[in-house]
Amino acid sequence: DKGNVIINLGRGEGVLPIKEQIPREKFRQGDRVRALIIDVQKNLRGPQIVLSRVSNDFVKALFALEVPEIYERVIEIRAIAREAGERSKVAVYSSDDRIDPVGACVGIKGVRVQAIVRELNNERIDIVPFSSNPEVFVTRALAPAKVMYMDVFELESKMTVAVEDEKLSLAIGRNGQNARLASKLTGWKVNIMSETEYNEARRREAELLAVSY
């Protein structure tokens, strides 16, 4: 219906609006659909149940279905940054030191996370161990690129991060996606540069300081 998908919920109908659908996702009549109820609106024909497949909470619910430790609250999802249909970063934390939160979410041979990836139309999912230390958290969020240097500007919640020259495009990601999601996930504005650019900027700063003295 005008791009919206009408879902039979048994005793009622749900609507999956275009903006709540994963981009490039196609539905056929008779398909089974998993979605999150985000709203129930009252109208003249009765309540309309609004569904979503792009909500961060949908990802959270899928992890709770696939990872018993999340359902049992031994592992906690602390943050999610998502560009639906493309890539998600999920920060996980375990209150039990004996349990590796990333390993539990990935599952043996990746079986748990692969089930979620398939459900999300092959969206890429990065699982990141949460840290309350912003520098550690940002470093983990930018993996697999290795952080060489980091300048932290706490008042502005900003960081300048230098990575190995050959890993710069990996750290930034296609169209800046990896950097954007790392910023969203951690709550810090992250400016990424190569090690060479960083050293050059430091050298220029030192020269300016020397001139001003």
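Further up the page is the structure itself.
Residues numbered from 1 in each chain as written. Predicted model: local features only at pLDDT ≥ 70, side-chain atom pairs only at ≥ 80, totals over all residues. Heavy atoms only, no water.

1. Digging into the overall build of the protein chain
Each helix and strand counted, the protein chain has 8 helices and 10 strands in total. A globule of 213 residues ought to have a C-alpha radius of gyration of about 17 Å, yet the protein chain, at 21 Å, is considerably larger. Taken over the C-alpha atoms alone, the protein chain extends approximately 75 × 45 × 30 Å along its principal axes. Taken over 213 residues, the protein chain has a buried fraction of 41%. Counting contacts in the protein chain only where the partners sit at least 6 residues apart, residues at least 24 apart contribute 56% of the total. Carbon together with sulfur atoms contributes 50% to the accessible area of the protein chain, which is approximately 13300 Å² in total. (Helix = DSSP H or I, 4+ residues; strand = E, 2+ residues; numbered from the N terminus. Rg over C-alpha atoms; globule rule 2.2 N^0.38 Å. Buried < 20%, exposed > 50% of the residue type's maximum accessible area, 1.4 Å probe, protein only. Contact = heavy atoms within 4.5 Å. Areas by Shrake-Rupley, 256 points an atom, 1.4 Å probe, with all protein chains shown as cover.)

2. Side note on the sheet that holds strand S1 (residues 5-8)
An order of S1-S2-S4-S3 is seen for the 4 strands of this open sheet, with the pairing classed as mixed. Strands at the two margins of the open sheet, each flanked by one partner only, are S1 and strand S3 (36-43). For this sheet, the mean angle separating the axes of adjacent strands, direction not counted, is 30 degrees. (Pairing = 2+ DSSP bridges. Axes fitted to C-alpha atoms, helices over the stretch in contact; angles between N-to-C directions.)

3. Re the nonpolar core
Core analysis: the largest hydrophobic core is formed by 22 residues, its most contacted members being Val-138, Leu-142, Val-161, Val-163, Leu-185, Val-190 and Ile-192. Counting only elements with at least two residues in this core, the list comes to strand S5 (75-83), helix H5 (134-141), strand S9 (158-163), helix H6 (168-172), helix H7 (177-186) and strand S10 (189-194). Per-element tally for this core: the top contributor is H7, with 4 residues. Those residues in contact with Val-190, other than ones at most four positions away along the chain, are Val-138, Leu-142, Met-159, Val-161 and Ser-183. (Core = buried A, V, L, I, M, F, W, Y, C linked by side-chain atoms within 4.5 Å.)

4. Observations regarding the pattern of salt bridges
For the coordinates displayed, the defined rule picks out 21 salt bridges. Where Arg-202 meets Asp-151, a salt bridge forms, and the shortest distance between an N and an O atom there is 2.2 Å. Of this pair, Arg-202 sits in helix H8 (residues 195-212) while Asp-151 sits in strand S8 (residues 147-153), and the two are 51 residues apart along the sequence. A residue is classified by how much of its surface remains accessible, and Asp-151, at 16% relative accessible area, is buried. In this structure, Arg-202 and Glu-205 form a salt bridge, with 2.9 Å as the shortest nitrogen-oxygen distance. One end of the pair is Arg-202 and the other is Glu-205, both in helix H8 and 3 residues apart, which spans about a single turn. Residue classification places Arg-202 among the partly exposed positions, given a relative accessible area of 31%. (Salt bridge = Lys/Arg side-chain N within 4 Å of Asp/Glu carboxyl O.)

5. Comments concerning the packing of aromatic side chains
Under the criterion given, the structure shown has 3 aromatic pairs. The interplanar angle of 70 degrees and the centroid separation of 5.0 Å between the aromatic rings of Phe-130 and Phe-137 together place this pair among those described as edge-to-face. The exposure class assigned to Phe-137 is buried, which follows from its relative accessible area of 5%. Ring geometry for Tyr-149 and Tyr-198: centres 4.9 Å apart, planes at 10 degrees, overall stacked. Here Tyr-198 lies in helix H8 and Tyr-149 lies in strand S8, a separation of 49 residues in the sequence. On the accessibility criterion, Tyr-149 (33% relative accessible area) is partly exposed. Taken together, the aromatic side chains of Tyr-93, Phe-130 and Phe-137 make up a single cluster linked through ring pairs. The ring of Tyr-93 has Arg-78 sitting right over it, with the charged end atom 4.3 Å from the ring centre. (Phe/Tyr/Trp six-rings, centres within 6.5 Å; stacked < 30°, edge-to-face > 60°. Lys NZ or Arg CZ within 6 Å of the ring centre and 35° of its normal.)

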